[in-house]
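# Structural characterization, general
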Amino acid sequence: MGEDEADPKLVQTLALSTARASNHLSVSPSFQHYAFTSWTRENICKRECIFYETGIREGICKCGYPQTHHVDEAIKPEDFTGESWDKHRHIREVPTDAFGDISFGLGQKIGKYARVSTDTQPEILYQLLTEQWKLSPPNLLISVTGGAKNFYLKARLKNIFHRGLIKVAQTTGAWIVTGGTHTGVMKHVGQAVRDYALSSSSTQGHDQIVAIGVATWGAVHNRNALVHSQGCFPAHYVMDVQGQGRLCCLDNNHSHFLLVDNGTHGRYGVEIELRSRLEKLISQQPLGNKESGVTIPVVCVVLDGGPGTLDTIYNAMLNGTPCVILEGSGRIADVIAQVAGLSLIRVTISLIHQLMKKFFGLEYENFSDLKIIEWTKKIQDIIRMTHLLTVFRISEGKNEDVDVAILQALLKASSTSESLGTEWERQLELAIAWNRVDIAEADIFTEESQWKSSDLHGAMFSALVGHKPQFVCLLLENGVNLREFLQEENTLLELYNQLPDCSFLRKLAKRVQIRHLLGSFTQHLYPKATTRYHINMSLETTSVSLPGKSQGDSQHPLTEDIREPHRDQGRDLFLWAVLQNNKDLAEIAWEQCRDCIAAALAASKILKKMAVEGNDGDEAEDMQELANHYERHAIGVFSECYNSDGERAQKLLVRASPSWGMTTCLRLALEADDKSFVAQSGVQALLTQIWCGELTVDNPVWRVMICMIFFPLIYTGFLAFRRDEVIQREAQKSEEMKTMETVTGSTRRIKNHTLDHTSLHQLKPLSCWSRLAGLYSSPQVKFYWNIVSYFAFLFLFAVVLMIDFHPTPSAGELLLYIWLFTLVCEEVRQLFHDPDGFGLHKKARMYINDLWNILDMLSIIIFIVGLICRLIPALFYAGKVLLCIDFVVFCLRLMAIFTISRTLGPKIIIVRRMMMDMFFFMFLLSIWVVAYGVAKQGILIHNENRLEWILRGAVYEPYLTIFGDFPSNIDNAQFDITECSMNGTDPLKPKCPLLDENQNPVFPVWLTIIMLCVYLLFANILLLNLLIAIFNFTFEEVQDNTDRIWKFQRYELIKEYHSRPAAPPPFIILSHLYLFIRKVVLCRPPIKCKEFKDELPQTEEEELLSWEALIKDKYLLSTQREQSQSMERRILDTAQKVSTITDRLEREEEASSAAVEKRLARLEEQVIQSAKALQWIMDSLRSQDHAAKEAPVLTSAPEDNEPSEEMRNMRKMPEKEDRFHVNARQFHYPNSKLTRFPVPEEKVPWEVSFSSYMPPYYASEDSGDHVDGSESEALDNYRNPGGRTGIRGQGALRCLGPNMNVDLVLTRWRDSERSVLEFLAIWDKSQAAWDLPGGPVQSGENLPVSLKKIMGNKLYEKINAKVLEGTKVFEGYVDDSRNTDNAWVETTALTIHLNSTSALMVDINHMVASSHGSSQAVQWQEVNRKTNLCSNQRDSLRQVAEFHNRKF
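In what follows, the accompanying structure is described. Residue indices begin from 1 for each chain and proceed along its sequence in written order. At least 70 in pLDDT is required for a residue's local features to be given in this predicted model, at least 80 for side-chain atom pairs to be given and counted, and no such filter applies to totals for whole chains, interfaces and linings, which use all residues. Hydrogens and water molecules were not included; the side-chain quantities draw on all heavy atoms of the structure.

### Section: the overall build of the protein
Only DSSP runs of H or I reaching four residues or more are called helices, and only runs of E reaching two or more are called strands; each is numbered from the N terminus. Across its full length, the protein carries 49 helices and 23 strands. Put simply, the protein has 1448 residues, and 46% of those count as buried. For the protein, contacts bridging at least 24 residues in sequence account for 72% of all contacts bridging at least 6. For every accessible area listed, the method is Shrake-Rupley and the probe measures 1.4 Å; residues are considered covered only by the protein chains on display. Total accessible area on the protein stands at roughly 75400 Å², and carbon and sulfur atoms take up 55% of it. The classification of residues rests on relative accessible area computed with a 1.4 Å probe and restricted to protein chains. Under 20% of the type maximum is buried, over 50% is exposed, and intermediate values are partly exposed. For this analysis, residues touch if any pair of their heavy atoms sits within 4.5 Å.

### Considering helix α25 (residues 646-654)
Residues of α25 that are buried: Ala649, Gln650, Leu652, Leu653 and Val654. The elements touched by buried residues of α25 are α23 (596-613), α24 (617-644), α26 (665-671), α27 (675-678), α28 (681-692) and α42 (1098-1124).

### Regarding the pattern of salt bridges
Whenever a carboxyl oxygen of Asp or Glu lies within 4 Å of a side-chain nitrogen of Lys or Arg, that contact is scored as a salt bridge. Under the criterion given, the structure shown has 46 salt bridges. Among the ionic pairs, Asp381 bridges to Lys377, the shortest N-O distance being 2.4 Å. Taken together, the residues span about one helical turn, with Asp381 and Lys377 both in helix α11 (residues 369-384) at a distance of 4 residues. The salt bridge involving Asp1403 is made with Lys1358; its shortest N-O contact spans 2.4 Å. With a gap of 45 residues between them, Asp1403 in helix α48 (residues 1399-1410) and Lys1358 in helix α47 (residues 1353-1361) connect regions that are remote in the sequence. Classification of Asp1403 by relative accessible area gives partly exposed; the value is 25%. Judged by relative accessible area, which is 29%, Lys1358 ranks as partly exposed. One network of salt bridges, in which partners are shared, links Lys377, Asp381, Arg384, Arg1225 and Glu1241.

### A short note on the packing of helix α35 (residues 840-849) against helix α36 (residues 851-871)
Each axis is a line fitted through C-alpha atoms, and for a helix only the stretch in contact is used; angles between axes span 0 to 180 degrees, taken between their N-to-C directions. The geometry of α35 relative to α36 is characterised by a closest axis approach of 5 Å and an angle of 85 degrees between their N-to-C directions. By the angle between their axes, α35 is roughly perpendicular relative to α36. Between α35, through Tyr847, Ile848 and Asn849, and α36, the contact on the second element is made entirely by Leu851, Asn853, Ile854 and Met857. Classification convention: Asp, Glu, Lys, Arg as charged; Ala, Val, Leu, Ile, Met, Phe, Trp, Tyr, Cys, Pro as nonpolar; all other residues, Gly among them, as polar. In terms of residue class, the contact of α35 with α36 is built from 5 nonpolar, 2 polar and no charged. For this classification, under 35 degrees means roughly parallel, over 145 means roughly antiparallel, 65 to 115 means roughly perpendicular, and everything else is oblique.

### Focus on the state of the cysteines
Counting rule for disulfides: a pair of cysteine sulfur atoms within 2.5 Å. Taken as a whole, this structure holds 1 disulfide when the rule is applied. A sulfur-sulfur distance of 1.8 Å marks the disulfide that ties Cys980 to Cys992. Looking along the S-S bond of the Cys980-Cys992 disulfide, the torsion reads about 95 degrees, which is the right-handed sense. Taken as a pair, Cys980 in the loop between α39 (947-962) and α40 (1005-1059) and Cys992 in the loop between α39 and α40 lie far apart in primary sequence, 12 residues in all.

### As for the pairing of strand β4 (residues 111-117)
Within a regular strand, the side chains alternate between the two sheet faces. Among the 7 residues that make up β4, 6 are buried, leaving the element largely enclosed by the rest of the structure. When strand β3 (residues 99-103) meets β4, the two strands line up antiparallel, connected through 4 bridges. Pairing of Ile102 across the sheet is with Gly111, part of β4. One ladder, built from 6 bridges, connects β4 with strand β9 (residues 256-261); its direction is parallel. Across the sheet, Ala114 pairs through a bridge with Leu258, a residue of β9. DSSP calls a pair of strands paired once it identifies at least 2 bridges connecting them.

### Comments concerning the packing of helix α9 (residues 331-339) against helix α10 (residues 349-360)
Running from N to C, α9 and α10 cross one another at 140 degrees; their axes reach a closest spacing of 9 Å. The angle between the axes of α9 and α10 places the two elements in the oblique class. As α9 packs across α10, the resulting crossing turns out to be right-handed. Counting all contacts with α9, which are made through Arg331, Ile332, Asp334, Val335, Gln338 and Val339, the residues of α10 involved are Leu351, Ile352, Leu355, Met356, Phe359 and Phe360. In the contact of α9 with α10, the residues fall into 9 nonpolar, 1 polar and 2 charged. Two helices crossing with the near one rotated counterclockwise from the far one by less than a right angle form a left-handed crossing, whereas a clockwise rotation gives a right-handed crossing.

### Examining the packing of aromatic side chains
A pair of Phe, Tyr and Trp rings is counted when the ring centres sit within 6.5 Å of each other, with Trp represented by its six-membered ring. The angle between the planes then sorts it: under 30 degrees is stacked, over 60 is edge-to-face, the rest tilted. The final tally for this structure, using the stated rule, is 35 aromatic pairs. Judged by centre distance (5.9 Å) and plane angle (75 degrees), the ring pair of Phe797 and Phe890 falls under edge-to-face. With Phe797 in helix α33 (residues 779-802) and Phe890 in helix α37 (residues 876-893), the pair connects residues that are 93 residues apart, well separated along the chain. Residues Phe797 and Phe890 agree in their burial class; the two are buried. Here, a charge over a ring means that NZ of Lys or CZ of Arg falls within 6 Å of the ring centre while also lying within 35 degrees of the ring normal. Directly above the ring of Phe1227 sits Lys378, whose terminal nitrogen or CZ lies 5.5 Å from the centroid. Its guanidinium or amino end placed over the ring of Trp949, Arg952 lies 4.7 Å from that ring's centre, counting from NZ or CZ.

What follows is the structure, encoded as structure tokens:
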């Protein structure tokens, strides 16, 4: 193998492996083109003539190409000497030389094209389309066929066709396949694609309509521009419609072209066979990636067309492809549309003659009578297959959209498919794949249909995986139960396995779990203890594996068991949708969640966490927006709850949610940083209630402070307690109820009243000790005592620093140290106090992130360092300095007391933001300070070597200048030599500037003054005003949010003082000792407080969740009402109504104009007839003998564009059942290449004259008797009782005349209750279908001998003995496709019912069991309409069912 041959394969191999290794790898265009060229030249060929023989025209070969287009060896062939040109022998395949990208000029999108041989395998073409050209497999294939020449379409029909075709292609993800040229129906398809491209603002690839043109290479004009041995990227194709002659130009609006080459030039129709094979292959591909057995549906859309189009329609429908005919498009389409509603007996040869003459015009003169007969037969066969034929009639006013007609045609075809009984499953799968909810609502989910939840589980899975939210809603409305759908573990596992390759999957590959996204304070949503299934998600593969295989923990990033006894299936689905950032599906799943507020807050937390960890900025922004959306949901539902019942709403905030890791809504909101939720009045009311403790929130602060000192006042009612309010409120309710019952005399609530009275007795008033404990354990009181304690600490600290700081510590100083030690103990307690279960790491991070805790640690560290220095005599003074600085830090910490204030608390937030602004401003200011200071210092002082004076001159003095302290050494007039040192020897004086001999400074005064002015201009005016502007902007920006931020931060302060011991420092050390002994020595669990987290009993939990669900529904209704009343929605509704009215007016205008034209035409016809009558009268009167002449026939011809009255009446008649055989008149005789003579319906009976009837003769080689075809007298002795078949002779049957068959229907009851009737079926391998036991019999035989091979001799004889006991259910002529004029099949159907206990039944069951897996499979099947048998055997089975009184 040479190097030139090896390189392309190597490149191809590298390209394929690279593409498979990573979907995100960016490859250069040149490399991609080289790899594509290599693959194309290896797999795709063209055809060329290798034997030049002059044809009719001089210099032109019989292949159609001139001599110059042939290779040298074709001009003087040595191998074909003496032969005549033959397309099968003298055309060969060589690697193609026309492929790549095609450009039609500026402003046009780049398309793809390839020149392919007629013998190319369709699998290669499908691989070219999907793998090389990167087209996604279609959900639908639309094959558009019809007139190849330009034809006229009415404007309305044209617009409807364009709009409908594009809509169905866009919504379903379909491929449109046409002939690809710029003529006829292909041109109309191209114009539809162009109109969509012009109206669509999107240029993304997935929005592009895929229009594939399959054209004949030899008929393409200007095709030489597409030829290049290495491909064209792109090829510049010029559409020369004027100069194309007999050839055709490619349509510039198609996206892909397959140019089919058979080696000839100028011959059309070359592509038909390859296009048919390609469409058949595509129709066999699975729909999507599911294993549902549903394949890609194909539909044929017909506009206009001639006889060739009729053949295409006929063959397509024989293959089971539904066809949609557009009435009004012309020619053959209108012919079929006119007769589609008629009964077969009405579709006569004469009628087809009339319609052909009417719609084909001058072309009709070229049609022979024999062709009309053939077309009549084909049209009859077409309209007989009503389930595959759909006529789009614009005049009927129904199905105004072509897309609906196309999709309904596919559903109608699938409803009568072979898979009887499961047709609705296929229809639903198709509707989901197309994402057409309107089709499903209209044709599948009708009022008559009754659905079980289990029936729709497969469709629900497909809708979820395919991200079809509208279908998910539709399925939920029609009976899908989420609990049943997600009951099986595999369902949720498969949903996670179908997750797309996104950022979350990358996190899963790094062992990231859902609990990581929610937070470590939650318990595992899916416990690990009983793991049975593992979800293996990685970047390369996604699969579900069982624990039976070897699998390490590192291979299973998410190994959480989803089997939980009482898990919330709505939560599982909601989590699955949120993790994909899918707003629509998540919205639907959220509506199904039981704990909706917690679900919304958890989603907000998860999405914000994912947004932080994600790398994609756009994706992170979408996640943040979705997180805010669910925060608004939580706010909306909670606001409704709080307005309805505040006490219940507060329970929702602090109840531990089992569905979300036993955490609370309040905790989730705080972790998600949902400030708006926390700032709600309901949440703040709860926090205020916790802040006050046992005291009521209405107590004035001054009363609380007085009672802090004079605590006996609490026993006098000076302070109100919550328990007293509750008792008073319950007593008032009880009194009101008693009064109501007394007035009304009602006793219905006696029981409830008794319960309330009992609960009222349980609420006893607080004891003296409880009141005292309630006062001093209130977080509000703790806060006030701590403020007093802190002020006392600062006072003691100041006294020690200013008055009592001696080498030997005094009593006051020792008390200060003890006090500080209690503060340190409290900080340690706060660090390790973890009631929410965050863990030490998370708790430490939270502790450090708090500014006040940072100040606490800083003050304590500085104090400890200062204390150590203070105890060292050499560093005594340094220690005092450090302690003085520490005092400043302690004073700054005093600002924390204002955070509880509603007025000053928000201002502290503004100060913190301004401090950040000042930090960045100081960086900017320092540039000017240093720049001016260094320049000034360098000009004034020469070689200053003292660092402190350098910093003073370069930094300190310029900084003071900003505040008005101007230096005196820059101006000679203010220079004083006594204020400086000449050589810098005096450490207390700066160094003097350079002086002259008169002791005057020599620096340029004008320069230093100008520098000072410029510096003051920028630093003092510009920058300081800039700082003021920044502060003003920050204030305005933060002012609106400060209240919300303050309310959010208020929670931490309240929780801190709620958990803080009651005693203030330094007495707090006693509480610390108590906690230490309880925790470490006694090992007792911490006391649980229910103020922030409360686990409710099961009954109360269910009641609260039911109430929450009710409020959620109310909130959703109000939201929908607001959206419907919004201005945007009203505008859209108005626009839609205007569009509907406009369409209706256009339709009525068109109908009225057509009616006027019709009346004028009739009037004109009547005038002509009247003129003829008057002429006849005048001629009669002028004659001498006044003899009467025959009056002319005055008839009114029907309108050209309207069906006649007779045809309209016939169309209204119901179609009767077929009176004549159908299978026996099929064009193609089975197992042969012979074609029958066409026999229309009216010519079937022998009694009807058919002078042109000339059937061919056929007798297969396997038949026993042979009669010469010329011996017609012998054949006339045998005449088919069903009528003409279109073929003479014996055919494939055994003999002339009747050929006897026997079908045996063996039945049994499935069980002793006789609930199900079953019959014995045999698998026919040749037909790939189930069949009744039977076959041909000779005279004197009761059973076919062929059954011996299946049943064996012994069983055959036993059944043969029981044949006489059987009941005959049918006997007579059978419409068999092998029938001829002289040979036919007659069948006798016998039924034998077997007893379940008989010996014969035992032998048959043994045969059935032993036949599994063999080629001759036998099995029992239920007798019902779903049975897949041929028509005559189904009729026999129906008779058997009626015989046993069973519904078929």
